[in-house]
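# Coordinates in review
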Amino acid sequence: ATTEIYTLSLHDLFRSLATTFTFSASLIRMVGGKLSDVLGARYVCRFSFLTIALTLTPVAFGIPVSATVVLVFLAGLAMGIGAAGVFRYIPDYYAESVGVVGGVVGALGGIGGFFLPQLSAWAKAATGSTYVQVLPLVALAALAAGLQYVVVRRIAKAEALGAVPHSHAYPE
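Residues numbered from 1 in each chain as written. Predicted model: local features only at pLDDT ≥ 70, side-chain atom pairs only at ≥ 80, totals over all residues. Heavy atoms only, no water.

## Things to note about a nonpolar patch on the surface
A cluster of nonpolar side chains, contributed by Leu 10, Leu 13, Phe 14, Leu 17, Val 65 and Val 69, occupies part of the molecular surface with about 540 Å² of accessible area. The element best represented in the nonpolar patch is helix 1 (residues 10–39), accounting for four residues. Considering the arrangement of structural elements, one finds Phe 14 in helix 1. (Patch = residues over 30% accessible without salt bridge, like charges linked within 9 Å, V, L, I, M, F, W, Y side chains within 5 Å. Areas by Shrake-Rupley, 256 points an atom, 1.4 Å probe, with all protein chains shown as cover. Salt bridge = Lys/Arg side-chain N within 4 Å of Asp/Glu carboxyl O. Helix = DSSP H or I, 4+ residues; strand = E, 2+ residues; numbered from the N terminus.)

## Some thoughts on the nonpolar core
Across soluble globular proteins, nonpolar side chains show a tendency to be buried alongside one another. Formed by Ile 52, Ala 53, Leu 56, Val 59, Ala 60, Leu 71, Ala 75, Ala 78, Val 134, Val 138 and Ala 141, the largest nonpolar core amounts to eleven residues. Looking at this core, the elements that each hand over two or more residues are helix 2 (41–56), helix 3 (65–93) and helix 5 (135–161). Those residues in contact with Ala 60 that sit more than four places away from it in its chain are Tyr 131, Val 132, Val 134 and Leu 135. (Core = buried A, V, L, I, M, F, W, Y, C linked by side-chain atoms within 4.5 Å. Buried < 20%, exposed > 50% of the residue type's maximum accessible area, 1.4 Å probe, protein only. Contact = heavy atoms within 4.5 Å.)

## Examining the pattern of salt bridges
Taken as a whole, this structure holds three salt bridges when the rule is applied. The residue Arg 42 makes a salt bridge to Glu 159 at a minimum N-O spacing of 3.7 Å. Taken together, the residues Arg 42 in helix 2 and Glu 159 in helix 5 connect sequence positions 117 residues apart. Of the charged contacts in the structure, one is a salt bridge between Asp 92 and Arg 88, with a shortest N-O distance of 3.5 Å. In this pair, Asp 92 and Arg 88 are both assigned in helix 3, four residues apart and thus about one turn of the helix distant. Classification of Asp 92 by relative accessible area gives buried; the value is 15%. Via salt bridges that share partners, Asp 37, Arg 88 and Asp 92 belong to a single interconnected network.

## Quick notes on helix 2
End to end, helix 2 covers 22 Å across 16 residues, agreeing with the expected 22 Å (1.5 Å per residue, within 8%). The buried count for helix 2 comes to twelve of 16 residues, which makes it a mostly enclosed element. Regarding helix 2, the residues found buried are Ala 41, Arg 42, Val 44, Cys 45, Arg 46, Ser 48, Phe 49, Thr 51, Ile 52, Ala 53, Thr 55 and Leu 56. Check the buried side of helix 2 and you find it contacts helix 1, helix 3 and helix 5. (Expected span 1.5 Å × (residues − 1).)

Limitation: the analysis is restricted to geometry and does not speak to function.
Written as structure tokens, this is what we have:
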């Protein structure tokens, strides 16, 4: 007789974790939308990009499974919040073309969803380590945070000089 109440195969465990991750990351988008409305898409996206990079970096070093689950879950929440932030940018900068730009953003997300796993598989094949599979996502999140910082600084400077109209991307 077993003293365990629940027994799951490894396959079922990973399926349950994936479902929890996806469900949570999807539902947190509503929170991300509200945060983007209150704080502005710039802050929310930057927080999301940095959180993804910081939470997934330790995973590449083969930390314990329990810590990996927590950090990947936190990264997933940051991804959900960040997705709302990205879509909040659209009416701020492309108010006359929200539908078209939203479609382009969605298409780019789909393309990224295809190529990023390919890069992760390549990283695993090149190194022989399953841990480094997260590094392409870490690099992309860090690059996005840096690029967003540079672009936002340029936009803010242009807005301050009156070269472009204020975008309302920061709440007044």
